[in-house]
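Per-entry structural report
Here is how the chains run, residue by residue.
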Amino acid sequence: MEVHLPLSTKTFPLLHRVPIDHLPLHSICSHQEHLRAGAAMAGGGGESAPTLEYTPTWIVALVFTVIVFISVVFERLLHHLGKVQLLLCPFCSEHADKNLILQVLKKKNKMPLFNALQKIKEELMLLGFISLLLVVFQGLIEQICISESLTHHLRPCKRHNAATSTAPYSVTSSGGIVGDGRRLLAGGGDSTHCQKKGKVPLLSIEAIHELHLFIFVLAFNHVVLSAITVVLGLAKMRTWRNWEDLAQNSQGSAPLKINNVLQFEFIRKRFKGFGRDSFISSWLHSFFKQFYGSITKTDYTTMRLGFIMTHCKGSPKFNFYKYMIRVLESDFKKVVGISWNLWIFVVIFLALNIAGWNAYFWISFIPLILLLAVGTKLEYIITQLALEVAEKHSAIEGDLVVTPSNHLFWFHRPKIVISLIHFILFQNAFEISVFFWILITLGFDSCIMGKIGFIIPRIVISVLIQLLCGYSTLPLYAIVTQMGNSFNKVIFNENVQTSLLRWAEGVKKNAKGTTVKGHKKPDEL
């Protein structure tokens, strides 16, 4: 009886066609293990480098942090260089922006949307630079060697047997949608560099590619889902246009008379009385109100009148609806961006993706809780407006006028609401991105995906957040945040804004506060 061992003629020529009776069993096993190791080191075996399933989360978070940090610094540097160029040549941007999109948006007075498109372009540039860094540094990352013992803990997936646990860097490819053709980041360094030292690479080429794909899916989903949310909000707010027309047509037509404060519909529906019980019932009413009829006609007309009497008393025909739409379009630029602090949350969430923790399931509740809290607070602010009127007056002559104030908002800052909505939308995009990323790269049966009992609630929560934020929370934000002490600069048209900014720059340059030649003061416009 003879045994034929493939590839043994070059590696062990003396063992070729050796009778098995004269060959000890431990020699055969040792020889086969050596052949498998040699084939793996040669890079031609059927096994591939480890995916992110068996890469420790702290390694993924570390590499992600370094790459994103360099990219953000580079993007900020280019942004500031662009500002310097604008200061040196103020009219250069006017010639550079002579494109069809800008001309159409200018014609329709949609400059906030153009600024949002510019922000999307910046995010795409940042994403492209991150991709470039991953391609450039993939060989360097693979050459960084660490002890194998450091890779045995904090993994997204656990190994099921002892055989595989001793070879963490010999994992077969997972069955994702893209299959085995996922090595888009071609190239790389010498895969045997760390094996020769008895160590393992910090991150494999396969894992780098999966990380690269995750960043792309996250950025794409965030931009698309943010746009969908704003579109849903604008669609819901279209019904307010009729209320605006009715309010303008009825302005000053009704005779002035004294009415009991409780006769106003706004007070009857919003005011729940005084005392502790009324306080609790007001918060409960505000919580449930965000799910149905979050803004009624009386809410709109009352807050509209309060804004006009506070900020533009001399213009009773002020179009409050168009003003809110411009504010929402302007804030879209903030919502669609991915700031550095949001990248920090991504790093934290990636580091928490440890086997057995079900971190992504629990994280999915964070944006839902925040969204419900924001919606409840915005509804309660409307209730507070009614409460303040009921406390100060028993009867009112003429129309009911509420008083906007910053003290109604958290930390007396109305702008904090858009920051929370920004985080909510980004976190929701993260949840959706993780699901589709795992589905594409690793497959539905991947251990990172988790059990079906954790997957379905995450999907339901993400869809609920998207719909609730678009149809309720965003319209609430658009009108309630106008109940602060100040107004948005979009209340002026583009020409007035430019004149005001130039006049302000001139005032800063002039120590005595006189106007700069060629610029007018605001009261001269």
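Further up the page is the structure itself.
Within each chain, residues carry numbers counting from 1 in the order of the written sequence. With the structure being a predicted model, the display of local features is reserved for residues of pLDDT at least 70 and the display and counting of side-chain atom pairs for 80 or more, all residues being used for whole-chain, interface and lining totals. No hydrogens and no water enter the side-chain calculation; it runs on all heavy atoms of the structure.

**Digging into the nonpolar core**
To keep it simple, the criterion reads: The definition of a nonpolar core used throughout is a set of buried Ala, Val, Leu, Ile, Met, Phe, Trp, Tyr and Cys residues joined through side-chain atoms within 4.5 Å. We call a residue buried when its accessible area falls under 20% of the maximum for its residue type, exposed when it is over 50%, and partly exposed in between, using a 1.4 Å probe and counting protein chains only. Secondary structure counts use DSSP, requiring at least four H or I residues in a row for a helix and at least two E residues in a row for a strand, with both numbered from the N terminus. By the convention used here, residues are in contact when the closest approach between their heavy atoms is within 4.5 Å.
Judged by nonpolar contacts, the single largest core of 63 residues is most densely connected at W240, I267, I295, Y300, I479 and V480. Looking at this core, the elements with two or more residues in it are α9 (205–237), α10 (240–249), α11 (265–270), α13 (297–311), α14 (320–336), α17 (365–392), α18 (416–441) and α19 (452–480). In this structure I267 touches V261, L262, A386, V389 and L400, once residues within four positions along its chain are discounted. I59, I205, V347 and M449 belong to the second largest nonpolar core, which has 53 residues in total.

**A closer look at the side chain of E244**
Short version of the rule: As used in this structure description, the phrase polar contact means that two N or O atoms lie within 3.5 Å; if the pair is within protein, one of them must be able to donate a hydrogen and the other to accept it, and residues adjacent in sequence are counted only when both atoms belong to side chains.
Tracing the backbone through its elements, the reader meets E244 in helix α10. A polar contact of 2.6 Å, which involves the side chain of E244, links it to the side chain of Y300. With residues up to four places along the chain from it excluded, the contact list for E244 reads Y300, R304, F318, N319, F320 and Y321.

**Quick notes on the state of the cysteines**
Here is the rule we go by: The disulfide criterion used throughout: a pair of cysteine sulfur atoms within 2.5 Å.
Counted according to the given criterion, the structure contains two disulfides. The disulfide partner of C145 is C194, and the S-S distance across this bridge is 2.0 Å. The disulfide joining C145 to C194 has a torsion of about -90° about its S-S bond and is therefore left-handed. Note that C145 is positioned in strand β1 (residues 145–146) and C194 in helix α8 (residues 193–196), a separation of 49 residues in sequence. When its relative accessible area of 19% is taken as the criterion, C145 is described as buried.

**Remarks on empty space enclosed by the protein**
What counts, and what does not: For cavity detection a 1 Å grid was placed over the protein atoms alone, and a set of points counts as a cavity when a 1.4 Å probe fits there but cannot get out; an open set counts as a pocket when protein lies on both sides within 12 Å along at least five of seven lines, with lining residues being those that have an atom within 4 Å of a point. Grid points are joined across faces, edges and corners, and a volume is the space filled by probe spheres set on the points. Only Asp, Glu, Lys and Arg are considered charged in this grouping, and only Ala, Val, Leu, Ile, Met, Phe, Trp, Tyr, Cys and Pro are considered nonpolar; every other residue, Gly among them, is considered polar.
Evaluated as defined, the whole model comprises one cavity of 30 Å³ or more. The space that makes up the largest cavity amounts to roughly 130 Å³. Lining the largest cavity are L52, T57, V60, P156, L211, F214, L350, N353, Y360, V434, W437 and I448. Elements with a minimum of two residues in the lining of the largest cavity: α3 (57–88), α9 and α18. Tallied by class, the residues present in the lining of the largest cavity amount to ten nonpolar, two polar and no charged.

Everything listed here is a matter of geometry and, on its own, says nothing about what the molecule does.
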